[in-house]
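Take a look at the letters that make up each chain.
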Amino acid sequence: AQKLLGNANRWREIYREKTGRFLTDADAANLQIGEWLVFGTTPTPTPTPTPSNGRYQVKAGDNPSSIAQKLLGNANRWREIYREKTGRFLTDADAANLQIGEWLVFGTTPTPTPTPTPSNKQPIIDAVNKVNPEQAYYQPHDIIGDGTISTFCNWFAADVLECFGVAIPRQTNSPYKMNPPVFGGANRDKPISAEQLYTFFNNGGEGKWQKVTAADAAAKANNGQAVVACGSGHIAIVIPGSSASDVRIAQAGKTNGKNMSVSQGFGSNPFLYFAYVG
């Protein structure tokens, strides 16, 4: 429940596919490795699962009508079943190309196929261009005159996210402030360090951030959501145009850029992806 629903106490909202019953105290000792559990992202009052609500794996000899007869008690209701891999309800064309072993999803109350919402990735692009990691302000330099060269990955990430309407922690009690050009020279408190940000995100970011995979990071950034790549010593903004195998970032640091591969930014150093969920 902690992994799937973000709260260990919500395990009673999960049920065993093979029994169609919600988990009980007795299940703690007899869950089987490899068995399937079913869960929902939006908690609802605990329903009583029925055999006509769940997933079905296609077997040899199956066709849409025979599956509908098995699952829904009526061969003509096969259009209420959809293919899990496509998320689309069955059509006449599916009768000839159902694959043995693929999963179908069925429910007692069919809903129309939702219309995908258009992505809005421009605000991320605009924020990165507006803050601009390539300007001198974010380049490595000595900021207090002691000869130590500082880098500004946390400053850049905080400023981009602020332009995007997302705040991350800053050191409000610190005497050290800077005046980013993007804010017209107005003072901003120093963001907490990349290492502290990594801990912040890993702990859920006050309930507003969640850890995601590379594929999810790419998809969410491409759809206009705020996503960061963060390790214990570095942070970068994931930008639209990414894919699971080629996540693109904008960053300040030892190397600055608006469109870099994540491997250019982090090298061999470990990191994770975190998405803003509000």
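Residues numbered from 1 in each chain as written. Predicted model: local features only at pLDDT ≥ 70, side-chain atom pairs only at ≥ 80, totals over all residues. Heavy atoms only, no water.

(A) Geometry of the overall build of the chain. The secondary structure content of the chain amounts to seven helices and 15 strands. Relative to its 278 residues, the chain shows a buried fraction of 39%. Long-range pairs, those at least 24 residues apart, make up 52% of the contacts in the chain with a sequence separation of at least 6. Here the chain has roughly 15,400 Å² of accessible surface; of this, 51% comes from carbon and sulfur atoms. (Helix = DSSP H or I, 4+ residues; strand = E, 2+ residues; numbered from the N terminus. Buried < 20%, exposed > 50% of the residue type's maximum accessible area, 1.4 Å probe, protein only. Contact = heavy atoms within 4.5 Å. Areas by Shrake-Rupley, 256 points an atom, 1.4 Å probe, with all protein chains shown as cover.)

(B) Geometry of helix H5 (residues 194-202). All of the buried residues in H5 are Ala194, Leu197, Phe200 and Phe201. Buried positions in H5, seen along its axis, are confined to an arc of 110° and lie on one side of it. Tucked into the core, H5 has its buried residues touching helix H4 (153-163), strand E10 (209-212), strand E11 (227-230), strand E12 (235-238) and strand E15 (272-276). Once H5 finishes, Gly204 follows within two positions and takes phi at roughly 95°, a positive value. (Arc of directions from axis to C-beta.)

(C) Representation of the pattern of salt bridges within the structure. According to the stated counting rule, one finds 14 salt bridges in the structure shown. The salt bridge partner of Asp27 is Arg16, with a shortest N-O separation of 2.7 Å. Taken together, the positions of Asp27 in the loop between strand E2 (21-22) and strand E3 (37-38) and Arg16 in strand E1 (residues 15-16) put the pair eleven residues apart, joining distant regions of the chain. The exposure classification of Asp27 matches that of Arg16, with both residues buried. For Lys70, the salt bridge identified is with Asp62, shortest N-O distance 2.8 Å. Owing to a relative accessible area of 14%, Asp62 belongs among the buried residues under this scheme. Within the structure, one salt-bridge network assembled from shared partners comprises Asp159, Glu162, Arg170 and Arg188. (Salt bridge = Lys/Arg side-chain N within 4 Å of Asp/Glu carboxyl O.)

(D) Region of the structure containing the pairing of E11. A two-sided burial pattern is seen for E11, the buried positions comprising Val227 and Ala229 on one face and Val228 and Cys230 on the other. Summarising the sheet, E11 and E15 pair through four bridges and their orientation is antiparallel. Bridge pairing links Cys230 to Leu272 in E15. Sheet topology places E11 next to E12; three bridges connect them, and they run antiparallel. (Pairing = 2+ DSSP bridges.)

These figures capture arrangement, not role.
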